[in-house]
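# A look at the structure
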Amino acid sequence: MAIQFKLSPELLERLRSYTFDENAERRGAIVPSHFIYWTDELPNLRDFILEKGDRNTISALLAARRHYWFNETIPECFEEVWEAAKAEMPSWPGFQRLYVDEDTRQHAIECEKGGEEFWLGIAEDADSVSIEDRGDGFHSISITMSVDGKPSTQRLTWRARLFAALRRVWPFC
């Protein structure tokens, strides 16, 4: 099953309005997924995290592009969303960064490692973790922890791990 192109009308309008800026700042994110982006592509990262369809579409586009940097192909599971996005928002700056330098590729690798460390650190203290292959190039992750309303060792450990994971990857992402 392929990811479907689905963006809220508001976000689609904003993405259509963005223009390429060769001086845009490169940034990284580890939540909800680990990827790098530029400020002319997603000036406000929170814009796409709120709506599930927005999040899935943007995550798919950034994952497809990252794959292209290393393999010069768009993965089959992302082809449909990639082509639909190019048709709906052809001037989006994200499509203009298909060829990047070694520093950017290394940044992508470090961001991926940081994201893996982050999620593994959280999962280590969880009561249960389930991972479901959605069949569309993404996995759903569910992590549960017991919280009894009082400050618990587990809760403090989770917070400590969260901030430790962020500190470890911050130089890269």
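Below is a summary of the structure that appears in this document. This structure is a prediction, so every number in the text was calculated from the model and none was measured.

## Here we look at a nonpolar patch on the surface
Among the surface-exposed residues, Val-129, Ile-131 and Ile-141 lie close enough to one another that they form a single nonpolar patch of about 280 Å² accessible area. Take Ile-141: it is sitting in strand S4 (residues 139-144).

## Points about the pattern of salt bridges
If you walk through the whole model with that rule in mind, you get eight salt bridges. Note that Glu-41 is salt-bridged to Arg-97, the shortest N-O span being 2.9 Å. A residue pair is termed long-range when its members are at least 10 positions apart, and Glu-41 in the loop between strand S2 (35-38) and helix H2 (46-49) and Arg-97 in the loop between helix H4 (76-88) and helix H5 (102-124) qualify at 56 residues. Comparing Glu-41 with Arg-97, the two get one shared label, buried. Residue Arg-66 pairs with Glu-112 through a salt bridge whose shortest N-O separation is 2.6 Å. Highlighted residues: Arg-66 in helix H3 (residues 52-71) and Glu-112 in helix H5, separated in sequence by 46 residues. By relative accessible area, Glu-112 is classed as partly exposed at 25%. In this structure, a network of salt bridges that share partners links the residues Asp-40, Glu-41, Arg-65 and Arg-97.

## Thoughts on the nonpolar core
Within the largest apolar cluster, 25 residues are counted, with the highest numbers of intra-cluster contacts made by Leu-15, Met-89 and Trp-92. Mapped by element, the contributors of at least two residues to this core are helix H1 (9-17), S2, H3 and H4. Ranked by residues supplied to this core, first place goes to H3 with six residues. In this structure Met-89 touches Leu-7, Leu-12, Leu-15, Arg-16, Leu-61 and Phe-95, once residues within four positions along its chain are discounted. Within the second largest apolar cluster, ten residues are counted, among which are Ala-24, Ile-30, Val-100 and Cys-111.

## Observations regarding H1
The periodicity of an α-helix, 3.6 residues per turn, causes residues three or four positions apart to be oriented the same way. All of the buried residues in H1 are Leu-11, Leu-12 and Leu-15. Buried residues in H1, looked at end-on, bunch into an arc of 100°, giving them a common side. Those residues of H1 that are exposed and aimed more than 90 degrees away from the buried face are Pro-9 and Glu-10.

## What to know about unusual backbone geometry
Both trends apply: most residues other than glycine have a negative phi, and most peptide bonds are in trans. Positive phi is not limited to glycine here, since Glu-72 has a value of about 55°. Relative to the helices and strands, Glu-72 is located in the loop between H3 and H4.

## Regarding the packing of aromatic side chains
Inspection of the entire model under this criterion finds five aromatic pairs. When the centroid spacing of 5.0 Å and the interplanar angle of 85° are considered together, the rings of Trp-82 and Phe-95 count as edge-to-face. Taken together, the positions of Trp-82 in helix H4 and Phe-95 in the loop between H4 and H5 put the pair 13 residues apart, joining distant regions of the chain. Grouping residues by exposure puts Trp-82 and Phe-95 together as buried. Considering the side-chain rings of Trp-92 and Phe-95, the 5.3 Å spacing of their centres and the 85° angle between planes classify their relative orientation as edge-to-face. Across this residue pair, the class does not change: Trp-92 and Phe-95 are buried. Taken together, Trp-82, Trp-92 and Phe-95 form an aromatic cluster joined through their ring pairs.

Conventions and cut-offs
- In this numbering scheme, every chain counts its residues from 1 along its sequence in written order.
- It should be noted that, the model being predicted, local features are given only for residues of pLDDT at least 70 and side-chain atom pairs only at 80 or more, the latter also being counted only at that level, while totals for whole chains, interfaces and linings use all residues.
- With hydrogens and water excluded, all non-hydrogen atoms of the structure serve as input to the side-chain values.
- The patches described consist of residues with a relative accessible area above 30% and no salt bridge, like charges being joined within 9 Å and nonpolar side chains (Val, Leu, Ile, Met, Phe, Trp, Tyr) within 5 Å.
- Per-residue and other accessible areas were derived by the Shrake-Rupley procedure at a 1.4 Å probe size, with only the shown protein chains allowed to occlude residues.
- The salt bridge definition used is simple: a Lys or Arg side-chain nitrogen within 4 Å of an Asp or Glu carboxyl oxygen.
- Put simply, DSSP marks the helices as runs of H or I at least four residues long and the strands as runs of E at least two long, and each gets a number from the N terminus on.
- Relative accessible area decides the class of each residue, using a 1.4 Å probe on protein chains only: under 20% of the type maximum gives buried, over 50% gives exposed, and in between gives partly exposed.
- Residues belong to a common nonpolar core when they are buried Ala, Val, Leu, Ile, Met, Phe, Trp, Tyr or Cys residues joined through side-chain atoms within 4.5 Å.
- Here, two residues are considered to be in contact whenever any of their heavy atoms come within 4.5 Å of each other.
- The directions considered for the arc run from the helix axis to the C-beta atoms.
- Aromatic rings from Phe, Tyr and Trp, with only the six-membered ring used for Trp, were paired whenever their centres fell within 6.5 Å, and each pair was classed as stacked if the ring planes differed by under 30 degrees, edge-to-face if by over 60, and tilted otherwise.

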